[in-house]
Each structure stands twice: as structure tokens, then as C-alpha cells.
Amino acid sequence: MAEETNQIPNLYALLIGIDCYMPNRLPDGSRYKSLGGCVRDINHVEAFLKDTRKVPETQILKLTASINPENPDQEELVEPPEKLPTRKNIVDSFRKLGETAPQGAQVYIQYSGHGGRAKTVFPDIKGTGEIDEGLVPTDIGTSEGQYLRDLELAQLLKELVDKKLTVTLVLDCCHSGGATRGDAEIRGMNVEDDKPLKDSFEPVAPLEVLAATWQSLTSAGTRGLKAGGVPESRDYVLLAACRQNEFAFEFPFNRETKEKNGALTYWLLDTLKQPYPGQTYKDLFERINAKIHSQFPTQTPVLLGEGNRKIFGTEFGETVNTVAVMQVELNAETMENQVVLAVGQANGVSKGAEFAIYPRTTTDFTKKENRIAIARIIQRGSTQSVCKLELIEGKEQKVEQGDQAVQISASINLVRKVSLIYQEKATPEELAQSNLPSNKLRPEIFESQDAALQAIKNALPGNGWVELAEDFVSSDDDAGIDYIVAVNNLGEYEICDSSGIPLKNINPPLKIDDSGAAATIVKRLVHLAKYKATSELDNTDTDSPLSGKLTVEWLGTSDTFDQGDPIPKKNQLKPFADPSKPTAKVGEYIFLSIRNDSSQTLNVAALNLEADWAIEKIFPQNQKFWTLEPGKDIVIPSKASLDGKGNKVENTVKVFGTLDAADYQVLELPSLDQPVPFGRGTRAGNVLAAILAAIDDEKPQTRKLTVAASPSTEWTTKQVLLTIAK
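This one's a predicted model, so the numbers in the text were calculated from it and none came from an experiment. Going along each chain's sequence as written, the residues are numbered from 1 onward. For this predicted model, a pLDDT threshold of at least 70 governs which residues receive local features, and a threshold of 80 or more governs which side-chain atom pairs are given and counted, while totals over whole chains, interfaces and linings are taken from all residues. Hydrogens and water molecules were not included; the side-chain quantities draw on all heavy atoms of the structure.

Student: Help me understand the overall build of the protein chain in this model?
Tutor: Of the regular secondary structure elements, the protein chain holds 12 helices and 36 strands. Exposure classes here rest on a 1.4 Å probe applied to the protein chains alone. A residue is buried below 20% of its type maximum, exposed above 50%, and partly exposed in between. A total of 726 residues make up the protein chain; the buried ones form 53% of that total. For this analysis, residues touch if any pair of their heavy atoms sits within 4.5 Å. Partitioning the intrachain contacts of the protein chain with sequence separation of at least 6 by distance along the chain shows that 72% fall at a separation of at least 24. A total of about 32,500 Å² of accessible surface is found on the protein chain, and carbon and sulfur atoms cover 47% of it. Where helices and strands are cited, they refer to DSSP runs of H or I of at least four residues and of E of at least two residues respectively, numbered from the N terminus. Only the protein chains shown count as cover for residues, and all accessible areas are computed by the Shrake-Rupley method using a 1.4 Å probe.

This is how it looks when you write it as C-alpha cells:
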């Protein structure tokens with residue numbers, strides 16, 4: 001027993017989840033809508049900490065406000081008063097956490113709920129007319145209810161840091177709001193509240209202390225707030241759901257149960273359940289960011305603080321989660337080897353995920369040469385899954401019961417799902433408003449809605465790349481909705497992301513009564529599906545010798561450079577105003593650096609994923625790839641240009657590096673509505689070539705594409721974002 005006691009992790013947590021905001025009417029008549037996934041977020045995080053990290057219940061503080069399932073519309077709370085996330089209880093729990101956790105401990109704090117914006121109550125510190133951002137307690141609608149404001153949150157964090165605690169803060173909320181379509185909800189409200197303070201209001205510290213803390217955080221070049229209402233600090237790690245003025249979504253990722261989770265929390269837990277040695281918060285963030293931003297373009301997570309710190313500190317050691325091989329068998333129909341692994345839907349894996357199998361005596365799972373086979377899930381159960389077994393060339397050892405498997409690759413969805421949204425007819429009262437809600441239709445448009453969406457439904461079958469979500473739901477289907485098609489009040493079709501926000505640069509608009517409009521919408525959906533497949537293409541095998549060995553970065557800009565001039569050094573270029581968001585003005589040259597940090601020669605190529613949904617290979621232009629020696633780099637100048645009427649645009653440059661030859665022409669796409677070429681690639685030669693050819697197919701031969709690194713062919717990819725502005 002003494003040995004078990006010594007293994008108790010030095011990790012303490014404060015978990016706050018708010019679904020119920022009742023009563024929630026503010027003095028100006030606005031309200032915070034009750035949510036559906038915040039308490040579930042917190043319960044899932046608590047389960048992860050207890051089950052996976054083995055954190056005792058005594059080291060976890062939890063405040064939740066659940067909606068009473070028997071009376072969801074009534075102002076009835078499930079939890080007792082002392083367990084509710086009121087402002088007072090939240091502040092008291094921060095202080096209790098600081099008193100309970102010993103010096104040197106790891107502290108994890110997560111808030112899932114609404115974020116809010118209000119006129120500052122600290123004008124002497126921030127200035128008159130400025131805004132406070134903060135967390136919205138469950139009692140915000142009561143006469144005494146108030147926000148936990150950014151200055152106060154910063155002070156509470158400083159108190160924990162001053163006690164030599166290592167703090168990680170996760171904020172799954174936002175400070176903006178709006179109407180949505182489909183199943184997504186926004187954790188915020190599009191209002192700047194001016195609720196007056198009661199005479200009884202007490203800030204968490206004296207004003208002079210709050211002022212000193214705020215100035216220490218904002219004086220070193222940090223202008224205003226960076227994320228979640230908290231200024232950047234090197235003393236703690238902050239993972240926020242989105243940037244300022246963006247949305248934090250909660251969504252029913254499980255399409256069978258319709259249970260909602262915050263997008264940040266869902267992918268945070270999904271990534272934490274796939275750890276690898278040396279994993280840092282930056283590693284964690286990069287996967288979360290890619291997952292969220294590909295599904296919700298208006299949500300961009302933010303990482304601040306010590307991003308290079310190992311997750312939960314170094315005291316937990318470097319571990320790899322493995323699953324056991326339960327059975328080894330021969331498929332009687334296909335005569336192919338297959339295995340049953342002790343992993344399934346309950347573990348968050350999907351059909352097509354790949355696992356590397358190691359002998360049960362293996363202790364070092366970082367050495368790729370220890371692998372004896374690759375297993376790919378072909379039939380997923382709740383806790384066990386059947387996998388097709390592919391032996392590794394040169395490995396004679398057979399797979400046996402009790403061998404260990406490590407997940408090395410998820411799957412990329414090739415076939416995307418589209419949902420048709422039928423909206424309500426606007427009432428006379430709504431028609432009288434200056435701005436009609438985006439989810440309501442004028443009567444004359446409403447009358448045409450059914451026929452317009454039925455035309456889409458009729459045009460969808462047979463394209464191979466997109467299918468109606470409602471027609472394809474199974475226990476193995478956890479991909480969620482990719483696109484929404486709706487009708488707007490201009491009598492036009494709209495293609496939206498999964499949160500119901502119209503995609504940009506879908507031009508020209510198509511009237512629902514235009515001849516061939518429905519068929520064109522389906523062609524656009526196919527184009528978008530191919531674009532997304534390339535955008536999400538990644539080699540997730542962290543054990544690959546090329547993992548992290550391709551460095552891609554924007555160096556800076558120049559308004560004096562011209563083609564033919566020597567490439568300037570980095571210190572001769574104009575630095576970016578915000579290095580985290582490189583921006584170039586139209587007419588300037590911008591310089592992309594590609595460096596091979598591996599010990600092997602790489603063949604590299606760069607694709608530009610343009611804002612008008614085109615994909616173009618921008619380097620090299622007259623050959624398939626550029627050969628880059630180990631330790632060498634190449635700098636590519638490009639002139640920033642902006643077509644169309646907009647004032648700025650965001651482009652993504654994706655760079656591939658391979659050991660073998662690959663032809664990236666197969667990934668190129670013309671602008672929207674231009675004919676999309678198919679069949680330019682070949683499956684011969686190597687695994688990457690087959691992957692590229694699968695994306696190039698007129699109709700994909702598989703619903704999901706797996707991208708685990710081949711034993712004989714290594715490849716990697718890296719992408720960077722660039723904003724071009726007038």
C-alpha cells in the first residue's frame with residue numbers, strides 16, 4: 001500500500017461547468033442561454049483525471065450547475081448551493097485550491113460555460129469606456145450576481161503562481177455570440193453588459209493590488225487581452241477556446257446520442273488520450289487547433305504561456321498508452337489475418353484508425369524497429385475492435401495474444417456529410433424588425449424552401465464525395481456533419497460550415513430557381529470535400545524519424561525586393577507586427593523558409609491552399625519537387641496579391657517532405673466552379689503516392705483514408721497561415 005501512496009500524482013484540479021443560467025435575465029433584457037454540454041465537459045475531464053491520471057477525488061474541486069432533466073424550463077438547480085458555480089463559490093474554490101495544493105504541485109483549472117463582456121468597473125485601472133471580459137457565473141441573473149472579471153482572474157492566477165504552483169488554465173468559452181443553424185451552440189453572448197454594481201460588491205483584492213497585477217502583465221508589450229480575458233504570462237499555460245470576437249462552439253460529436261461537448265474539450269481529451277513521450281502543450285495545441293479549425297472556421301484556439309512545458313509537468317514521467325491484442329484469427333471469407341484489440345468506441349477511436357503492434361515484452365515504444373505489424377480497424381465495437389493485420393516486411397515474429405498496440409494514425413474522412421436545414425417562417429413581429437434573424441425566412445422564400453432543398457437531395461446521389469448525413473448514420477459513424485446547405489432571404493442557396501455560418505468566397509451566389517443550381521451546389525460540395533481532404537492530410541505517426549524535422553516559417557516582408565535580386569537575410573526584412581499571425585500587404589514580397597532538420601535528404605514541395613478554394617503548387621513551379629539536403633534550407637520569395645473585392649484574405653501554405661518521389665499535381669484544384677480534373681495520380685510506387693491518388697479519384701474507393709507512415713516510405717508535412725491585406 002505504501003507503494004501505491006507514493007504513486008499518487010502531485011496534481012490538483014478545479015473544474016467548473018455551467019449549463020444552467022436560471023434566472024438569467026439581465027437589466028437590459030438580454031439573457032445568457034442555458035447550455036447543454038458544459039457539465040458533461042467537466043464530468044469527462046474529471047473521469048480522465050481519475051481514471052487515466054489516477055488523481056484522487058480529494059484533490060479535485062468541482063462546481064457545476066446542471067439543468068434539471070425533469071423540469072428543464074424551470075429555475076431549478078440539481079446541485080446543492082455549496083456546489084454551484086456562483087461568483088463567490090468560484091473565488092472561494094480558487095483560494096481553497098491554493099491552500100490545499102502543496103508547493104511545487106501541478107494545478108489544472110478548467111472553466112466550461114459562457115464568457116461575457118461588460119463595461120469596466122475598474123475605470124481607474126483600465127480607463128473610462130474600456131471593457132472587462134470574464135467568466136459568467138450561474139447566478140449572473142440575480143440581483144447580486146456579477147462576472148468574475150479579467151483583472152480578478154489574473155489576480156487569482158497570480159496568487160497560485162506566487163505559491164510556487166505550476167498552473168494550467170483551460171477556458172472553453174468565448175466572449176461573442178450570435179444565432180446558429182443546425183446543432184451547434186455558441187458559448188457567449190453578443191452584448192456588452194452594463195449591469196451596475198451593488199454596494200456590497202467586493203473585488204477579489206484591493207484595487208491597488210489588482211492595478212499592480214494588471215500593469216505587470218500588460219506593460220511588457222501585451223496590448224489588451226490575448227485570450228479568454230487573461231493577458232499573456234510566462235508563469236502559467238493558458239489554453240483558450242478561441243480568439244477575441246470569435247465563437248466557442250459546443251456540438252453533438254456523437255451523432256447517435258446527440259450529447260453535446262465543447263469543441264475545445266472534446267479534442268483536448270481526444271488528444272490527451274493519445275500521449276507520447278515528451279509531449280508538450282505546444283504539441284497538444286497544434287493537433288487541437290487543426291481539428292477544431294477544420295470543422296469550425298470561426299473558432300481558432302489560442303495557446304499562451306509556457307507552451308514548451310511538458311503536459312502536467314515532468315513528474316508524471318513519459319508514458320505511452322497501449323492496448324492489448326485479445327485475439328489473433330484468420331478471416332474465413334477473405335483468408336486475411338486479423339486481430340481483435342481491446343479498444344473501441346468508448347475509447348474515442350474510429351474505423352480506419354491504425355495501430356502499431358509490439359511484442360508484449362517491449363518497454364520502449366519509441367523505437368520503430370520494434371514494431372512487428374500494423375493493425376487497421378475494420379469493425380469497431382464499444383470496447384473491442386476487429387482489425388485487418390498487415391505484417392511488416394522483414395519481421396518474422398508472429399503476432400500473439402497479449403502483444404501491445406499503440407495508436408499511430410487516425411483516419412481522414414474522404415466522404416463528407418452534408419445536412420439540409422429547413423428554417424422557420426418569420427412571424428409578423430420578426431418581419432417588422434430591422435434585422436431579420438438569420439434562421440427565419442420571409443414568407444415568399446419559405447414557400448419555396450422545400451422544393452429547393454428537395455432539388456439538392458435529388459442531385460446528391462452518385463457523386464461519391466458527399467452524402468446526405470441523415471441517410472448515413474451508423475454506430476461506426478462519428479465524423480459529424482461537415483457542411484450545411486440552407487436557403488437565405490435573398491432566395492439563394494448557402495453552403496455553411498458545421499456550425500451554420502456561411503462559407504466565404506462561394507461565388508457567384510446561386511438563386512434557388514436558377515436552372516441547374518442544385519447540381520452546381522453539389523459540384524461545389526465535391527470541390528470543398530477534396531479541398532478539405534488535402535487540408536487535413538497529415539502524417540500523425542510521432543515515431544517517424546521525420547516527425548518534427550521539417551521546419552517551415554515566414555521570415556518577414558520587403559517592399560524593395562524584386563525578382564532576380566539576392567535573397568535578403570532575415571535581419572534585412574521587415575518583421576511582422578504580430579509574429580503569431582504573419583501579415584503581408586499587397587505588393588510586398590514575403591519570404592517562406594523551408595528547412596530540413598532531418599538526417600536524410602528530403603524531396604519537398606509547397607502547395608498554396610487559397611481562399612477561393614483553389615489549390616496550387618507554388619514551389620517548385622517547373623518540376624515535381626525540390627531536393628533538400630540534411631541541415632539545409634531554402635527561402636522562397638512570393639509577391640502578395642489580392643483578387644476580388646475584399647480587404648484581406650487568409651491563405652494556407654502546406655509543405656510536404658518525402659524520401660521518395662511524389663507528384664503533388666494530383667492535389668491541385670482550380671477555382672470554384674471550374675472543372676476538377678481526376679485520375680492524375682497512380683497508386684504504384686509508395687504509400688504516399690497511393691494517398692495522393694485516393695484524394696484525386698473521381699469517386700473515392702474508400703470512405704476513410706489512413707495515413708500511417710509506411711515502414712519503407714517516410715514522409716511529413718507542415719503548414720503555415722498567411723494573411724494578405726490591402
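Student: Before we go on, may I ask you to explain the sheet that holds strand β10 (residues 236–240) in this structure?
Tutor: Neighbouring strands of a sheet are bound in pairs by backbone hydrogen bonds; such pairs are parallel or else antiparallel. In this description, strands pair whenever DSSP reports at least two bridges between them. Within the open sheet, the 6 strands sit side by side as β2-β1-β3-β7-β10-β13. Their pairing is mixed. Bordering the open sheet on either side are β2 (60–65) and β13 (302–304), each of which pairs with just one other strand. Each strand of the sheet is rotated relative to its neighbour by a mean of 5°, with strand direction disregarded. With 6 bridges joining them, strand β1 (residues 11–18) and β2 adopt parallel strand pairing. Counterpart to Ile16 in the pairing with β2 is Leu63. What counts as an axis is a line fitted to C-alpha atoms, over the stretch in contact for a helix, and the angles between N-to-C directions run from 0 to 180 degrees. With respect to the sheet, helix α5 (residues 150–162) is in contact with β3 (106–112), β7 (166–172) and β10, its orientation differing from that of β7 by roughly 155°.

Student: Help me understand the environment of Thr560 in this model?
Tutor: For Thr560, the position within the fold is in the loop between β27 (550–558) and β28 (583–585). Sequence-wise, Thr560 and Tyr589 are 29 residues apart; in three dimensions their C-alpha atoms are separated by 8.3 Å.

Student: Honestly, the pattern of salt bridges in this entry has me stumped. Any pointers?
Tutor: Close approach of charged atoms allows side chains with opposite charge to pair. Salt bridge criterion: a side-chain nitrogen from Lys or Arg within 4 Å of a carboxyl oxygen from Asp or Glu. In this structure the tally under the stated criterion is 23 salt bridges. In this structure, Glu159 and Arg95 form a salt bridge, with 2.8 Å as the shortest nitrogen-oxygen distance. Residue Glu159 is found in helix α5, and its partner Arg95 is found in helix α3 (residues 87–100); the two are separated by 64 residues along the sequence. For the salt bridge of Glu430 with Lys440, the shortest nitrogen-to-oxygen distance reads 2.6 Å. One end of the pair, Glu430, is in helix α9 (residues 428–431); the other, Lys440, is in strand β23 (residues 440–441), with 10 residues separating them in the sequence. Taking relative accessible area as the criterion, Glu430 reaches 15% and is therefore assigned buried. Take Lys440: its relative accessible area is 12%, and that puts it in the buried class. Where salt bridges share partners, they join Glu46, Lys50, Glu57 and Lys62 into one cluster.

Student: Mind showing me how you'd approach the sheet that holds strand β24 (residues 466–468) here?
Tutor: The mixed open sheet is built from 4 strands, whose spatial order is β24-β21-β25-β26. Across the chains shown, the open sheet's two edge strands, defined by having one partner strand only, are β24 and β26 (493–496). Going from strand to strand, the sheet's axes swing by 30° on average, the running direction of each strand aside. Pairing of strand β21 (residues 416–420) with β24 involves 3 bridges; the strand directions are parallel. Bridged to Val418 within β24 is Leu468. The strands touched by helix α10 (residues 443–459) within the sheet are β21, β24, β25 (483–487) and β26, with β25 carrying the most contacts at an inclination of about 140°. Its contacts with the sheet place helix α11 (residues 517–536) against β21, β24, β25 and β26, and it is angled at close to 15° to β26.

Student: Looking at this structure, how should I read the nonpolar core?
Tutor: Nonpolar side chains tend toward joint burial in soluble globular proteins. Only buried residues count toward a nonpolar core, which is a set of Ala, Val, Leu, Ile, Met, Phe, Trp, Tyr and Cys residues joined through side-chain atoms within 4.5 Å. Of all hydrophobic cores here, the largest spans 52 residues; its most connected members are Phe94, Ile109, Tyr111 and Val167. With sequence-adjacent residues up to four places away left out, Val167 is seen in contact with Val107, Ile109, Leu157, Leu160, Val161, Tyr236, Val237 and Arg309. Core analysis: the next-biggest nonpolar cluster, separate from the first, contains 43 residues, Leu441, Leu607, Tyr664 and Val666 among them.

Student: How do you make sense of the packing of α10 against α11 when you look at a structure like this?
Tutor: Helix-helix packing: each pair is described by the crossing angle between the helix axes and the interaxial distance. In contact at an axis separation of 8 Å, α10 and α11 are set at 55° when each is read in the N-to-C sense. For the element pair α10 / α11, the angle class is oblique. Of the two possible hands of crossing, α10 and α11 adopt the one that is right-handed. Across from Ala455, Ile456 and Ala459 in α10, the residues of α11 making contact are Ala518, Ala519, Ile521 and Val522. Along the lines of polarity and charge, the residues of the contact of α10 with α11 split into 7 nonpolar, no polar and no charged. Every angle not falling under 35 degrees, over 145, or within 65 to 115 is termed oblique; those three ranges are roughly parallel, roughly antiparallel and roughly perpendicular. It is the rotation of the near helix from the far one that decides the hand of a crossing: anticlockwise by less than a right angle makes it left-handed, clockwise makes it right-handed. Any residue that is not Ala, Val, Leu, Ile, Met, Phe, Trp, Tyr, Cys, Pro, Asp, Glu, Lys or Arg is counted as polar, Gly included; the first ten are nonpolar and the last four charged.

Student: Help me understand the packing of aromatic side chains, please; the structure alone is not making it clear to me.
Tutor: What describes a pair of aromatic rings is the distance from one ring centre to the other and the angle between the planes of the rings. Each aromatic pair joins two rings of Phe, Tyr and Trp (for Trp, the six-membered one) with centres within 6.5 Å, and gets the label stacked for planes under 30 degrees apart, edge-to-face for over 60, and tilted for any other angle. Per the counting criterion, the structure on display carries 14 aromatic pairs. Ring geometry for Tyr21 against Tyr32: centres 6.1 Å apart, planes inclined by 35°, an arrangement best described as tilted. Residue Tyr21 is found in the loop between β1 and α2 (38–51), and its partner Tyr32 is found in the loop between β1 and α2; the two are separated by 11 residues along the sequence. For the pair shown, Tyr21 and Tyr32 are each scored as buried. Ring plane angle 90° and centroid distance 4.9 Å describe the contact between Tyr266 and Trp267, whose orientation is recorded as edge-to-face.

Student: Looking at this model, I keep getting lost on the packing of α3 against α5. Mind explaining?
Tutor: The contact between α3 and α5 brings their axes to 9 Å, and the two run at 20°. Classed by the angle they form, the pair α3 and α5 counts as roughly parallel. Between α3 and α5 lies a crossing of right-handed hand. Together, Arg87, Val91, Phe94, Arg95, Leu97 and Gly98 of α3 and Glu152, Leu153, Leu156, Leu157, Glu159 and Leu160 of α5 make up the contact between the two elements. Tallied by class, residues from the contact of α3 with α5 come to 7 nonpolar, 1 polar and 4 charged.

Student: Which parts of the structure should I look at to understand the environment of Asp612?
Tutor: Tracing the sequence through the fold places Asp612 in the loop between β30 (602–609) and β31 (615–619). Distance in space between the C-alpha atoms of Asp612 and Lys504 is 8.1 Å, their sequence separation being 108 residues. Leave out the neighbours within four places in its chain, and Asp612 touches Asn505, Ser671 and Leu672. In protein, a polar contact requires one atom able to donate a hydrogen and another able to accept it; more generally it is a pair of N or O atoms within 3.5 Å, and residues adjacent in sequence count only if both atoms are side-chain atoms. A distance of 3.2 Å separates the side chain of Asp612 from the backbone nitrogen of Ala614, its partner in a polar contact.

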